[in-house]
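Observations on chain architecture
So the chains spell out like this:
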Amino acid sequence: MVDWISDYFKRSYPANDQYAQALLNFVGDAFRFILYYMVITIALSVMKVDVTILYIFAQGLAWAVAIGLGVAIGLVLAVPLREPLRRFLERGWDQSGSKDERRGDGGG
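Figured I'd write up the structure that's included with this text.

Cut-offs applied
Residues numbered from 1 in each chain as written. Predicted model: local features only at pLDDT ≥ 70, side-chain atom pairs only at ≥ 80, totals over all residues. Heavy atoms only, no water. 1 Å grid on protein atoms, 1.4 Å probe; cavity = no way out; pocket = protein on both sides within 12 Å on 5 of 7 lines; lining within 4 Å. Points joined across faces, edges and corners; volume = space filled by probe spheres on them. Helix = DSSP H or I, 4+ residues; strand = E, 2+ residues; numbered from the N terminus. Salt bridge = Lys/Arg side-chain N within 4 Å of Asp/Glu carboxyl O. Buried < 20%, exposed > 50% of the residue type's maximum accessible area, 1.4 Å probe, protein only. Contact = heavy atoms within 4.5 Å.

On to the layout of surface pockets, then. Put simply, the largest pocket is a space of about 240 Å³. Lining the largest pocket are L23, F26, V27, A30, F31, F33, I34, L61 and V65. At the level of secondary structure, the elements contributing two or more residues to the lining of the largest pocket comprise α2 (18-46) and α3 (52-106). No other element matches α2, which puts seven residues into the lining of the largest pocket.

Listed below in structure tokens is the structure:
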């Protein structure tokens, strides 16, 4: 069942580009690994084998994936948002500075 799901995922998006196909193969194999890990862990748990060490490894892997996705999303969003954010921050600093100067001139 795991192999069928992984192969279905790999073939679900018809990619003519070699890069896209390589990415789909990588994601499909990662998905296969995760599903095999889940099946083996559940099977050992049902057989009353202590799987605490497997849970520890799974937790570390989950943290690594979460950090990696966070960094990847940050890098993907950094490029298109760099200029608008810079303009917004410069406008915000300019407006706050000019307000302070006006307040200082009027008091006296």
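Text resumes after the structure shown.
A few words now on the pattern of salt bridges. Per the counting criterion, the structure on display carries four salt bridges. Salt-bridge contacts for D3 lead to R32; the nearest nitrogen and oxygen are separated by 3.2 Å. Here D3, found in helix α1 (residues 2-11), pairs with R32, found in helix α2; they are 29 residues apart in sequence, far enough to count as distant. Relative accessible area serves as the criterion here: at 34%, D3 is assigned to the partly exposed category. Across the pair R86 and E90 runs a salt bridge, and its minimum N-O distance is 2.9 Å. Taken as a pair, R86 and E90 lie in helix α3 at a separation of four residues, close to a single helical turn. In this structure E90 comes out as partly exposed when scored by relative accessible area, which is 39%. Among the charged side chains, a salt-bridge network with shared partners connects D3, D29 and R32.

The class for R32 is buried, based on a relative accessible area of 19%. Every residue in contact with R32, bar those within four places of it in the chain, is listed here: V2, D3, S6, D7 and K10.

Structurally, the position occupied by T41 is in helix α2. Setting aside chain neighbours within four positions, we find T41 in contact with V51, L54 and Y55.

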